[in-house]
Structure formats: C-alpha cells, structure tokens
Amino acid sequence: MSRRALRRLRGEQRGQERPGLGELGLQEYDREGEPPPASGKGPRGPPRAGISNRFELIPAEESEDEAVAGEKRPDPRLSEHGGSQEGSQDSSREGAVSQEMDGDVQREGQEAEQLDRTLATSNKPRKKKKKKKTKKNSAGETVEDNDLEDIDSLLERIEDPRLAPQSQGGIATDSRPLLYVEHRNLNPENELKRYFGARAVLGDQRPRQRQRQYIRSMWLTAPKNTWPRYSRTGITMQLLDTRRGVQHFTFEHHREYQQVQFKFLDAVESMDPNNIVLLLQMNPYHVDSLLQLSDVCRMQEDQEMARDLIERALYSLECAFHPVFSLTSGSCRLDYRRPENRAFFLALFKHLMFLEKRGCPRTALEFCKLILSLDPENDPLCVLLLIDFLSLRAREYTFLTRLFQEWESHRNLSQLPNFAFSVPLAYFFLSQQEERPELEQSQARERAARLIQLALIMFPSVLMPLLDHCSVQPDARVASHPFFGLNAQISQSPALNQLTSLYVGRTHALWKDPAVMAWLEPQVHEVLRMVEAQDTLVQEAEHKRKSRYQSAPRNIYRHIILSEMKEATAALPLEVTSQPVMGFDPLPPLDSIVSYTRPERTSHPSNESTLSLFFRSLLPNFNLQGDIRHDGDDEAGAAQDLNQGVNRLMAAMRDMLANIQFQEPPRDDNPEGDGDWD
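Per an unreviewed UniProt entry, the chain goes by TCF25 factor and derives from Elachura formosa.

Here it is in structure tokens:
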C-alpha cells in the first residue's frame with residue numbers, strides 16, 4: 001500500500017506526511033508481506049532525499065493516473081469529515097510520529113495495519129481503477145486475470161465428458177497408449193475404497209503403517225509386517241537391448257539362487273510339500289517355492305495363505321527390478337522362453353485371479369494389461385481370452401471397444417469367440433448409458449446389433465450352452481432349428497470346443513441381465529432369417545470353422561490349465577492331460593532359452609533287488625552295488641564288488657538296529673505313573 005493512498009485517506013497535504021519506516025532506516029511492508037510501492041519522484045516536485053526503499057521509485061505516469069482516478073472518484077468517507085476533524089487528526093498523528101521517532105516503531109506498524117483495513121473497506125474506486133487498467137492492456141498484452149480465466153475454461157473443457165475425443169464409431173477414446181497401466185489402479189484397496197469407503201477398508205490398519213520400518217513400498221503389492229525380513233535373494237534384472245523404442249529385459253539367477261533352485265526341484269520330485277516348507281524357512285523369498293506352495297494351499301482350501309504367498313513372490317521379484325524397468329509405459333518386454341522370466345508372468349496371472357475372486361475386477365484388469373504389455377506379440381499366457389471378461393466386469397467398455405478396433409486388423413480378434421460376443425455386449429452397455437449423446441447411443445446400438453449377428457453366425461454352438469447356464473428356455477423356433485441345435489456343438493473341432501466352453505463357463509453371469517436377453521432375442525431371430533435365406537455370410541462362416549481351429553496353440557492350453565475352468569479343462573486333449581503339470585512352470589515352451597542346467601543326479605542301477613530297494617527306502621544314501629565298474633569282464637573285480645556290497649549291507653543293518661529305541665516301562669516308584677503296565 002503506497003504512502004500516497006494513506007495521505008489521501010487522512011486528508012493530509014504533501015508536506016505534512018510523517019516520516020516513514022524507509023526514512024528511519026527500516027523497510028515497510030504491507031499486509032501481504034510485500035514492500036508497498038511509493039512515489040519517489042512525483043509530478044509536483046523533485047524526489048526526496050534519503051530514500052532507502054527502492055520500491056518507492058515508481059513511474060510518473062502511474063502517479064498521474066492515480067491522481068486522475070482520485071479526482072473522478074472521491075472517497076465518500078472523506079466527504080463526511082470536516083476540516084476541524086482533519087486538523088485534530090493531524091495534530092494527534094504528529095504527536096504519535098514524534099513518539100515513534102523516539103523508538104516506538106511497533107506502534108507505527110499497528111497503526112498502518114489498521115489504516116490498511118480501513119482502506120480495504122472504503123477505497124472501492126481504487127479496485128475499479130485496476131479493473132479498468134486491465135481492460136486497457138488486454139488488447140495488446142496478455143493480462144494475468146485473462147490468463148486465469150483461460151486456465152479455468154481449459155480445465156472445464158478437460159473435465160467435460162462431452163468434449164472428449166471421439167473415434168470413428170462415435171465412442172469416446174483415450175489418447176494414452178492402449179496398454180497404459182496406472183499405478184493407482186494396481187492397488188486393490190483403492191478400488192475397495194470406492195465401493196465401501198476408506199473407513200470400512202482400512203479400519204485399524206493406519207496405525208500399523210508406522211511399524212513398517214524395514215519393508216520397502218512397492219507398486220504391485222502392499223508389504224505386510226508378518227512377512228520375513230527381506231534380504232537379497234540372488235535375483236537381478238538386466239537390460240538386454242533396445243529396439244525401436246522397446247526395451248527388452250530379463251531376470252537372472254546368481255549362483256547362490258541356482259543352488260536353491262536345485263534344492264527346490266529335489267523337493268518337488270519328492271512329492272512332499274513339507275520339503276518345500278523347509279526350504280522356504282531357509283529361503284523365505286524363493287519365488288518358485290512360493291508359487292508351488294500357493295497351489296498346495298489353494299487345494300487345501302486355504303485361500304488366504306495362497307494369496308499371501310503369491311503377493312510375497314511378487315514383492316521378491318519387484319525388489320529385483322532394473323532401475324529403468326517401467327510398469328506403466330507398456331514398452332518393456334520379457335521373453336517367456338527364458339525360465340527366469342516365467343515366474344513373473346505366473347505370479348501376475350495368479351494374483352489377478354485372486355483379485356477377480358476378491359471382487360476387484362478393475363485392479364485385475366490393470367494386471368491383465370500389464371501381463372499383455374510384457375509380450376503382446378506372443379501372449380504366452382493368452383490373457384486375450386480373459387481381458388474381455390475383466391473389462392466387462394470392471395465396466396471399462398470403452399477400453400474393450402478400443403482394443404478391438406486397434407487390434408482387429410493384425411490380430412483377427414473377431415475369430416476368438418470371447419471377443420466376438422463380448423465386444424457387441426460392450427457396445428450394448430454403452431448404448432444404455434443415458435449420459436451419452438443420443439447420436440452416440442444410436443451408433444453403439446447399431447454396431448452392437450451387427451456384431452452380435454456376426455458372432456452368432458460364426459459361432460452358433462455358443463448360444464444353447466449360454467442360455468442353459470443362464471437358465472433361460474429358448475422359444476420353439478430356436479430350440480428346434482438345426483443351426484443352433486446339438487449338431488452345431490458336435491460338428492465343431494476340439495480346439496473350438498475348448499474356446500467356446502471357456503467363454504461360456506467364465507462369462508455366462510454377464511448375460512443373465514433381462515435387458516441383455518431382451519436385446520439378444522431379436523438378433524437370434526434375424527440370424528435364423530439369414531440362415532433360411534442362405535446368406536453368403538453363413539456359408540463363409542461355415543467354411544472358416546472347418547478350415548481353422550484344427551489344433552490349439554500351447555499358450556491356450558497353458559491358459560486353460562491356469563484358469564481351472566472345469567468346462568474347458570474337460571475338453572483338453574490327452575497329450576496335455578497325460579503329462580505332469582507343475583504349478584511353477586505349466587507346459588514350458590518347446591523352444592526354451594536355457595541359461596543354466598541342473599546337474600545330473602547319480603542314477604541308481606535298475607537291476608536292484610527288492611531287499612536293496614527296501615534298505616534304500618530306509619536309508620536313502622545306501623547303495624548295495626556301490627560304484628559301477630565299466631570293466632565287467634573282470635571276474636575278480638566283480639567278486640570284490642559283491643563282497644563290498646555285502647559288507648555295506650551288514651553295516652547298514654547294524655546302524656539301523658542301533659538307532660532303534662524301545663520305550664522303557666514306567667517304574668513302580670514313579671508317583672506320576674499311569675498304573676499297571678501290561
């Protein structure tokens with residue numbers, strides 16, 4: 001606040017002002033903490049000497065404008081006071097100034113603050129003058145107020161859903177990459193908070209956050225205080241190369257981790273889960289042990305422990321990330337052919353399955369996008385068979401339609417039954433959203449009708465099992481027509497039967513909505529009309545079904561095994577069900593890139609006797625025949641081996657008998673005995 005404004009408010013003359021803080025050697029500040037501008041050289045006279053505040057030097061033009069503004073807009077408060085009152089005020093202020101010059105600077109600051117309040121309430125013409133000056137400069141320069149208004153209008157445009165970018169089909173699209181992953185969507189607590197509120201989700205977990213001192217904060221999982229203390233496990237991640245803006249990484253096992261991996265393989269071959277538990281007690285963050293033991297806990301209906309083991313495996317792998325490895329960019333790749341990378345794929349897949357069962361489909365969808373971004377070309381776990389279901393459950397219809405539009409040209413997603421039926425269902429749900437414009441709703445409705453008709457023509461075997469799972473009885477025309485009858489299911493190939501069974505078993509609950517069934521019924525009758533008219537689309541679809549779907553690739557078998565859908569598992573071929581499937585590496589790729597191999601174990605001779613096998617079952621280190629000699633023609637050497645084997649047998653029997661201990665009967669003088677001992 002300038003000294004000129006204070007002088008006008010008090011009605012003082014130019015030569016009667018009191019010395020300010022600048023003349024006393026101090027700096028003067030207004031209420032907002034900034035030094036007020038003051039006139040150094042006015043239009044009436046030369047500048048005053050002894051100015052210590054540099055902010056007092058203001059242009060003369062500004063002072064003239066203020067003078068003109070003051071003449072046009074007189075202060076009403078000044079008109080109410082008379083000259084006698086002004087004189088008395090001046091005398092009192094001069095006395096106050098004399099006291100302040102003696103050293104009471106604090107009282108001067110209080111009086112200036114009080115005058116600031118008075119000016120803020122009474123000096124309205126000054127505010128209007130600033131607005132007028134802003135309008136004057138708005139034609140030539142960008143004014144600060146206009147900038148703020150532009151920012152506000154820009155924010156309103158961003159927040160307005162009607163102004164979002166539109167695709168060719170009339171559906172709003174996102175400018176970010178398709179497989180962009182958001183960190184906040186990887187936390188299931190954020191989704192549960194939207195459903196139930198933060199207080200219901202967190203509960204008494206907030207005080208426990210302070211106790212977490214030795215656990216690092218991660219994106220994939222939330223570390224728990226009950227977990228063992230983390231130490232380096234011997235897993236690292238290396239950057240292999242960068243091609244066309246895509247970075248290729250791989251996990252690596254150090255020598256100590258390889259030794260633990262060999263012990264884990266021995267524990268798996270023993271078929272005893274307790275051996276894996278013992279291994280985890282020594283190495284609590286061994287990833288493959290955590291994955292295998294999680295499957296054991298899940299089979300024993302201990303879902304909580306199974307989920308906790310998977311989260312611990314993800315935590316161990318995330319601690320080994322490369323500094324430039326990004327979960328959100330969608331440009332980081334991992335090769336599933338390398339055994340070291342498979343654990344990360346499997347841990348993410350099993351984690352998203354637990355999230356979906358927990359009721360967090362949005363978080364599960366984000367993890368599904370993450371898996372797909374790691375290897376979108378090969379898709380080793382075939383998450384494309386799952387991503388449509390999670391999109392519908394999470395009500396991310398726009399993402400599903402965008403994925404179909406962008407990948408249909410080079411991935412032929414319409415040839416998968418799940419996309420053929422889920423995409424029109426997503427368009428139907430979009431057409432039911434009332435907040436969308438009428439034109440956009442009608443376009444989505446038309447596209448949904450066209451796509452569902454193509455899906456029914458291409459995969460007629462889906463309709464009857466889908467209606468059966470939804471407990472819907474079709475009308476007589478549909479039930480008796482051979483196009484949707486039992487013949488359509490029998491005539492399809494086993495590979496196509498696996499895909500249709502997987503889709504129906506997984507997504508039939510989404511079709512139970514009465515509105516969906518009311519929309520599906522006229523589309524089925526339209527397809528029957530096209531079949532009876534012998535439309536060319538029907539003939540082309542039949543030819544495609546016979547020429548394609550001869551055999552399913554290995555990643556589809558791997559997906560069915562991991563999904564554990566009984567409808568699809570029953571349709572697996574014999575060559576898949578006959579071989580052992582391990583939870584830590586189901587159906588490994590045939591072209592694996594092996595970086596290290598397990599050392600060969602000492603094989604026992606196959607011509608062992610029954611007695612030898614019996615003693616070896618009791619004593620695993622016992623070998624009756626000892627080392628095999630290659631010079632079998634030497635009879636003396638064979639006799640010597642036989643004698644050594646007999647001696648080892650006798651020694652093993654002595655050791656076994658020595659280790660047998662019998663329980664002693666209780667003595668009669670034992671007061672705590674159980675009575676007579678028979």
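## Here we look at the overall build of the chain
Across its full length, the chain holds 30 helices and three strands. Sequence separation of at least 24 residues holds for 69% of the intrachain contacts in the chain that already meet a minimum separation of 6. Here the chain displays about 39,700 Å² of accessible surface, and carbon together with sulfur accounts for 50% of that area.

## Let's talk about the side chain of Q453
With respect to the element layout, Q453 can be found in helix α19 (residues 438-458). The contact partners of Q453, leaving out residues within four places of it in the chain, are Q523, E526, V527 and M530.

## Observations concerning the nonpolar core
Counting 135 residues, the largest nonpolar core has L220, F344, L352, F419, F421, F484 and W511 as its most contacted members. A total of 11 residues in this core trace back to one element, the largest contributor, which is helix α14 (residues 339-358). Counting residues domain by domain, this core receives three or more from each of domain 1 (176-199 + 233-382) and domain 2 (395-552). Not counting residues within four places of it along the chain, the set of residues in contact with F421 comprises I452, A455, L456, F459, V462, Y503 and W511. Within the second largest apolar cluster, five residues are counted, among which are M218, Y285, Y315 and C319.

## A few points about the packing of aromatic side chains
One pass over the structure, following the stated rule, counts 20 aromatic pairs. Seen from their ring centres, Y285 and Y315 are 6.1 Å apart, and the 50° between their planes marks the pair as tilted. Here Y315 lies in helix α13 (residues 303-318) and Y285 lies in the loop between α11 (273-282) and α12 (287-299), a separation of 30 residues in the sequence. Take Y285 and Y315: they sit in the same class, and that class is buried. Look at F321 and F325: their rings are 4.8 Å apart centre to centre, the planes differ by 55°, and that puts the pair in the tilted class.

## A word on helix α25 (residues 536-547)
Between its first and last C-alpha atoms α25 spans 17 Å; for 12 residues at 1.5 Å apiece the expected length is 16 Å, and the two agree. Looking at α25, one finds that the buried residues are V538, A541 and R545. Along the axis of α25, the buried positions cluster into a sector of 65°, meaning they face one direction only. Exposed residues on α25 whose side chains face more than 90 degrees from its buried face are T536, H543 and K546. If you follow the buried residues of α25, they end up packed against α19, α23 (494-507) and α24 (514-532). Sitting at the head of α25, D535 places a side-chain oxygen 3.0 Å from the backbone nitrogen of L537.

## Here we look at the environment of N418
With respect to the secondary-structure elements, N418 resides in helix α18 (residues 417-431). C-alpha separation for the pair N418 and L502, spaced 84 residues apart in sequence, amounts to 8.6 Å. Look past the residues within four positions of N418 in its chain and what remains in contact with it is L384, L385, D388 and Y503. Here the side chain of N418 touches D388 through a polar contact of 2.9 Å, side chain to side chain.

## What to know about the sheet that holds strand β1 (residues 235-243)
The strand order across the open sheet formed by three strands is β1-β2-β3, and the pairing between neighbours is mixed. Each edge of the sheet is formed by a strand with only one pairing partner; in this case those strands are β1 and β3 (332-334). For this sheet, the mean angle separating the axes of adjacent strands, direction not counted, is 35°. Note: strand β2 (residues 246-253) against β3, three bridges, orientation parallel. When the bridges of β3 are listed, H248 appears paired with R333.

## Examining the packing of α12 against α14
At a minimum axis distance of 10 Å, the contact between α12 and α14 shows a crossing angle of 30°. Taken together, the axes of α12 and α14 lie roughly parallel to each other. Every pair of crossing elements has a handedness; the one defined by α12 and α14 is left-handed. In this structure, α12 contributes V287, D288, L291, S294, D295 and R298 to the contact, and α14 contributes A343, L346, A347, K350 and F354. Considering only residue class, the contact of α12 with α14 consists of six nonpolar, one polar and four charged.

The rules we used
- Residues numbered from 1 in each chain as written.
- Predicted model: local features only at pLDDT ≥ 70, side-chain atom pairs only at ≥ 80, totals over all residues.
- Heavy atoms only, no water.
- Helix = DSSP H or I, 4+ residues; strand = E, 2+ residues; numbered from the N terminus.
- Contact = heavy atoms within 4.5 Å.
- Areas by Shrake-Rupley, 256 points an atom, 1.4 Å probe, with all protein chains shown as cover.
- Core = buried A, V, L, I, M, F, W, Y, C linked by side-chain atoms within 4.5 Å.
- Buried < 20%, exposed > 50% of the residue type's maximum accessible area, 1.4 Å probe, protein only.
- Domains from an automatic or database assignment.
- Phe/Tyr/Trp six-rings, centres within 6.5 Å; stacked < 30°, edge-to-face > 60°.
- Expected span 1.5 Å × (residues − 1).
- Arc of directions from axis to C-beta.
- Polar contact = N/O pair within 3.5 Å; in protein donor to acceptor, adjacent residues only side chain to side chain.
- Pairing = 2+ DSSP bridges.
- Axes fitted to C-alpha atoms, helices over the stretch in contact; angles between N-to-C directions.
- Parallel < 35°, antiparallel > 145°, perpendicular 65-115°, else oblique.
- Left-handed = near helix turned anticlockwise from the far one by under 90°.
- Nonpolar A, V, L, I, M, F, W, Y, C, P; charged D, E, K, R; others polar.

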